[in-house]
Structures are given as structure tokens and as C-alpha cells.
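# Summary of structural features
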Amino acid sequence: MTPHQIHLIRSSFEPLKPLAATVAAAFYAQLFARDPALRALFRGGDMHEQGERLMQMLSAAIDLLDRPGALIPVLLRLGQRHVDYGVASEHYDSVGAALLDTLAAGLGDGFTAEVREAWTTMYGFVARKMQEGAVSAVLAA
Ligand code: HEM
């Protein structure tokens, strides 16, 4: 990711932070509309809390984008835990698409082609690292 892309992600995420609960709810609505079978994986129940955790994690990842040495181990461990949640590698595409649709709806005109590209790159990086963590969890089992 370029420093400019990191800047674009941070500045586009900023206006969404106070709306975290709404953004998270919109994200899950998008995700379950796209792939209703995924609903069964979220056994923890309270989707409001789930949404908060997701937004906190995204926020933490965004803060660490320019410190990959600190970010990567967090993502590897997060990906390992997702194996226990029943998440498989093909699910990452649905989550990525739901995230981009949610950002597009939330940011409106602010979701320029350049901003979309930056988020796509970031999600690809996060998903890749989480899937690497998942593979090492499966191999170690
Ligand atoms: C950018 C990628 C993702 C991020 C940042 C993320 C973040 C999180 C966080 C922070 C948690 C809370 C538990 C923990 O920290 O271990 C969690 C739980 C969970 N995530 Fe993700 N996740 C991502 C991708 C996915 C994908 C692709 C799926 C597949 C549908 C998924 C499904 C779940 C499930 C099922 C749980 C547990 C829910 C429960 O206990 O009911 N996540 N995720």
C-alpha cells in the first residue's frame, strides 16, 4: 500500500467512525443478503456487539497500516481464530464485497475510484494475512 492509499483509507474512515453501529448493521445486512448461509456462523448472538468488534478491529488495522511489523501478527492470530468460527477461505470474498458495498453506500460521492482502489488493496492484504494465519492453524492442528 502506498502512503497516499493509507491516507485515503484513514480520511474516508474518519466520518464513518461516529456512525459505527449503523455502518456495522449495514455491513451485516449486505453480507447476509449476499450469502444467507453465513448467518449460521455467527453463533455469538448479539449482532450489535459483533458489529462493534468488527469496527474496532478495522479501526485498529487502519491505525497500524504503516506499521506492518505490528499489524501482521495481529492478523495472523485473527485468521487463526476464524478457523474455529467455521470461516473458510471462500468466505473472504463475500465479506470483502459486502464491505466495499457498505463503504460505497456510506460515503456516497466520497467513494471515488481512487478510494475504492485503496480499500480493495487494504482488504486484499488483510484477508491474505488472515488466510495465511488460518492455513498455519490447520497445519499445526
Ligand atoms: C477483514 C476481515 C475480518 C475482520 C477484521 C474480522 C474481525 C473479527 C473480529 C474482531 C471478531 C471478534 C472475535 C475475535 O477477535 O476473534 C470476529 C469474529 C467473527 N468473524 Fe470475523 N473478521 C473478518 C473476516 C471474517 C470473515 C471472512 C468471516 C466469514 C463469514 C467472518 C466471520 C466471523 C465469525 C463467524 C465470528 C465469530 C462470531 C461469533 O462468535 O458468533 N469474519 N471477526
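Residues numbered from 1 in each chain as written. Predicted model: local features only at pLDDT ≥ 70, side-chain atom pairs only at ≥ 80, totals over all residues.

To continue, consider the site of the ligand. In the neighbourhood of the ligand, 21 residues make up the surrounding shell, with Leu 41, Gly 44, Met 57, His 91 and Val 95 lying closest. Elements represented by at least two residues in the shell around the ligand include exactly α3 (47-63), α4 (68-84), α5 (91-107) and α6 (113-140). Here the shell around the ligand gets 5 residues from one element, more than from any other, and that element is α3. (Near = placed C-beta within 6 Å. Helix = DSSP H or I, 4+ residues; strand = E, 2+ residues; numbered from the N terminus.)

It is worth spelling out the environment of His 4 at this point. Summarising the element assignment, His 4 is placed in helix α1 (residues 3-13). The class for His 4 is exposed, based on 10 C-beta atoms found within 10 Å. (Buried ≥ 20, exposed ≤ 12 C-beta atoms within 10 Å, placed from the backbone.)

Two elements in contact, α5 and α6, have axes whose closest approach is 11 Å; the angle formed by their N-to-C orientations is 150°. Classified by the interaxial angle, the pair formed by α5 and α6 is roughly antiparallel. For the pair α5 and α6, the crossing hand works out as right-handed. Residues Tyr 92, Gly 96, Leu 99, Leu 100 and Leu 103 of α5 touch α6, and the partners they reach there are Arg 116, Trp 119, Thr 120, Tyr 123, Ala 127 and Gln 131. Tallied by class, residues from the contact of α5 with α6 come to 7 nonpolar, 3 polar and 1 charged. (Axes fitted to C-alpha atoms, helices over the stretch in contact; angles between N-to-C directions. Parallel < 35°, antiparallel > 145°, perpendicular 65-115°, else oblique. Left-handed = near helix turned anticlockwise from the far one by under 90°. Contact = placed C-beta atoms within 7 Å. Nonpolar A, V, L, I, M, F, W, Y, C, P; charged D, E, K, R; others polar.)

With 19 residues, the main nonpolar core has Phe 27, Leu 99, Trp 119 and Met 122 as its most contacted residues. Ignoring sequence-local partners within four residues, the contact set of Trp 119 consists of Ile 9, Leu 100 and Leu 103. (Core = buried A, V, L, I, M, F, W, Y, C linked by C-beta atoms within 7 Å.)

This brings us to α6. Along its 28 residues, α6 runs 40 Å from first to last C-alpha, staying within 8% of the 40 Å computed at 1.5 Å per residue. Every buried residue belonging to α6 is among Ala 118, Trp 119, Met 122, Tyr 123, Val 126, Lys 129, Met 130, Gly 133 and Ala 134, and all of these are buried. Packing partners of the buried residues in α6 comprise α1, α3, α4 and α5. (Expected span 1.5 Å × (residues − 1).)

Quick look at the confidence of the model for the chain now. Looking at the chain, the pLDDT average stands at 92 and 99% of residues meet or exceed 70. No element of the chain has a lower mean pLDDT than α3, at 87, and none a higher one than α1, at 97. (pLDDT = per-residue confidence, 0-100.)

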